[in-house]
Amino acid sequence: MQLRKQVDLAMEQQNLSPREDDAAVAQDPQKGVVKSCYEWMEAIIPALILIMVFFTFVIRSITVSGPSMEPTLMDQYKVWVSCIGYTPQAGDVVVVDGSGTQLDEVIVKRIIATEGQTVDIDFDNGYVYVDGQQLDESAYIENGITRDQYDVEFPQTVPEGHVFVLGDNRTVSKDSRDSEVGMIDQRCIIGKVQMIYQPFSEFGWVS
């Protein structure tokens with residue numbers, strides 16, 4: 001609308017009414033091109049702003065780095081991440097901001113437990129327990145493979161406002177078993193990984 005007002009003002013300065021301007025446009029095609037450009041800009045600029053806001057705050061594109069989430073997410077996979085109104089849930093694959101750990105890099109992990117829950121790991125047999133119940137992780141990995149222990153002692157109770165995370169590739173993943181990662185402050189979670197969009201052969205929802 002602002003651009004239209006500027007066009008009308010320019011017409012007034014030239015002592016032309018809108019009807020006279022239309023007649024002038026008919027006589028001068030160049031004026032018609034300029035007028036069309038203004039109209040297109042009025043339509044396109046707000047749309048571009050909305051798209052930028054959408055992809056900045058609602059949906060973000062993240063490139064997976066490293067093998068810690070294999071076989072669910074391979075290195076260099078590109079994924080869509082939902083950011084607005086997300087409440088962390090056990091089982092979700094999430095992206096954690098670099099400020100959320102001592103690693104100082106964006107990481108992708110799976111939430112195993114949320115605030116108030118107690119996590120224990122039987123490293124001899126490779127099983128994870130939450131509130132005394134053995135997790136069935138067969139939907140995304142083989143059960144009984146969590147055998148690598150780092151410097152965090154178990155059991156651990158998740159503090160308020162935090163989550164406990166593990167990578168699906170338990171033998172190489174740095175996650176809440178390691179004090180450099182520890183419990184993740186929910187405020188440092190960028191969002192939930194929803195979909196793989198590259199490579200196209202793997203296009204689909206992430207579970």
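Calculation criteria
- Each chain carries its own residue numbering, running from 1 in the written order of its sequence.
- It should be noted that, the model being predicted, local features are given only for residues of pLDDT at least 70 and side-chain atom pairs only at 80 or more, the latter also being counted only at that level, while totals for whole chains, interfaces and linings use all residues.
- Hydrogens and water are ignored here; the side-chain numbers use all heavy atoms of the structure.
- Strand pairing follows a simple DSSP-based rule, namely that at least 2 bridges must link the two strands.
- Numbered from the N terminus, helices here are DSSP runs of H or I no shorter than four residues, and strands are runs of E no shorter than two.
- For every residue, the accessible area (1.4 Å probe, protein chains only) is compared with the maximum for its type, and the residue is labelled buried under 20%, exposed over 50%, or partly exposed between those bounds.
- We define the nonpolar core as a collection of buried residues of types Ala, Val, Leu, Ile, Met, Phe, Trp, Tyr and Cys that are connected through side-chain atoms lying within 4.5 Å of one another.
- Only heavy atoms enter the contact rule, under which two residues are in contact if any of them lie within 4.5 Å.
- As used in this structure description, the phrase polar contact means that two N or O atoms lie within 3.5 Å; if the pair is within protein, one of them must be able to donate a hydrogen and the other to accept it, and residues adjacent in sequence are counted only when both atoms belong to side chains.

**Details of the sheet that holds strand β5 (residues 118-122)**
Step number 1: Strand order in this open sheet of four strands is β7-β6-β5-β8, and the pairing throughout is antiparallel. Of all strands in the sheet, those bounded by a partner on one side alone are β7 (133-134) and β8 (156-157).

**Let's talk about the pairing of strand β6 (residues 127-130)**
Step number 1: Alternating residues of β6 divide into V128 and V130, all buried, and Y127 and Y129, none buried.
Step number 2: Where β5 meets β6, four bridges bridge the pair, whose relative direction is antiparallel. The partner of D120 across the bridge, within β6, is Y129.
Step number 3: Joining the antiparallel neighbours β5 and β6 is a turn of four residues, in which G126 adopts a positive phi near 85 degrees.
Step number 4: In this structure, β6 lies alongside β7, joined through two bridges in antiparallel fashion. Its bridge partner lying in β7, Y129 is registered against Q134.
Step number 5: Once β6 ends, the chain turns through two residues before running back antiparallel as β7, passing D131 with a positive phi of about 50 degrees.

**Things to note about the nonpolar core**
Step number 1: One finds L73, V79, V81, V93, V95, V108 and V193 to be the most contacted residues of the largest nonpolar core, which totals 15 residues.
Step number 2: When contributions to this core are tallied by element, the ones reaching two or more residues are β2 (78-82), β3 (93-96) and β11 (189-198).
Step number 3: No other element matches the three residues that β11 contributes to this core.
Step number 4: Setting aside residues no more than four positions away along its own chain, L73 makes contact with V64, V79, V93, V108, V193, I196 and V206.

**As for the side chain of D92**
Step number 1: Position of D92 among the secondary structure elements: in the loop between β2 and β3.
Step number 2: In this structure D92 comes out as buried when scored by relative accessible area, which is 10%.
Step number 3: Within the local environment of D92, its side chain forms a polar contact with the side chain of Y86, the two groups lying 2.7 Å apart.
Step number 4: With near-sequence residues (within four places) excluded, D92 lies in contact with Y86, T87, K109, R110, I111 and K192.

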